[in-house]
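Listed here are the chains, written in short residue letters.
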Amino acid sequence: MSDEPESVSAGRGVTPDSLLHTGGSENPSAEDLVLASGRDLTPKNLQWAERRLAREGRAAVDKALP
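Residues numbered from 1 in each chain as written. Predicted model: local features only at pLDDT ≥ 70, side-chain atom pairs only at ≥ 80, totals over all residues. Heavy atoms only, no water.

(A) How the structure looks around the overall build of the chain. Scanning the chain from terminus to terminus reveals four helices and zero strands. Reading the chain from its N end, one meets helices and strands in the order α-α-α-α. Looking at the chain as a whole, 17% of its 66 residues qualify as buried. Expressed as a percentage of contacts within the chain between residues at least 6 apart in sequence, the contacts between residues at least 24 apart total 35%. (Helix = DSSP H or I, 4+ residues; strand = E, 2+ residues; numbered from the N terminus. Buried < 20%, exposed > 50% of the residue type's maximum accessible area, 1.4 Å probe, protein only. Contact = heavy atoms within 4.5 Å.)

Below, the structure is given as structure tokens:
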């Protein structure tokens, strides 16, 4: 067994896809999506995020993160 974290030891330098996802246990808020996308918290951006979350759900945040 290795003392290295799984992201380092599994694949030697390549992080497994299962570790790259946000994995939050709750539904993200519009504010979460705005911040994840690198936008400013403005009423217009919050409305955009609400529409996108309604259309795509949690996947909207996953798509916004690198």
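(B) Here's a closer look at the side chain of N45. Tracing the backbone shows N45 in helix α3 (residues 43–56). Judged by its relative accessible area of 14%, N45 falls in the buried class. With sequence-adjacent residues up to four places away left out, N45 is seen in contact with V34, R39 and D40.

(C) Layout of the side chain of R52. Inspection of the secondary structure puts R52 in helix α3. Apart from the residues within four sequence positions on either side, R52 is in contact with L33, G57, A60 and K63.

(D) Layout of the environment of S29. Structurally, S29 is set in the loop between α1 (6–9) and α2 (30–36). Overall, the relative accessible area of 33% leaves S29 in the partly exposed class. Along the sequence, S29 and L53 sit 24 residues apart, while their C-alpha atoms lie 8.1 Å from each other.

(E) Representation of the pattern of salt bridges in the model. If you walk through the whole model with that rule in mind, you get three salt bridges. Here E56 makes a salt bridge to R52, at a shortest N to O gap of 3.4 Å. Residue E56 and its partner R52 are both found in helix α3; the two are separated by four residues, about one turn of the helix. Residue R52 is classed as buried on the basis of its relative accessible area, which comes to 18%. We note a salt bridge from K63 to E56, for which the minimum N-O separation is 3.3 Å. Note on E56: relative accessible area 26%, which makes it partly exposed. (Salt bridge = Lys/Arg side-chain N within 4 Å of Asp/Glu carboxyl O.)

The quantities given are spatial measurements derived from coordinates; they are silent on function.
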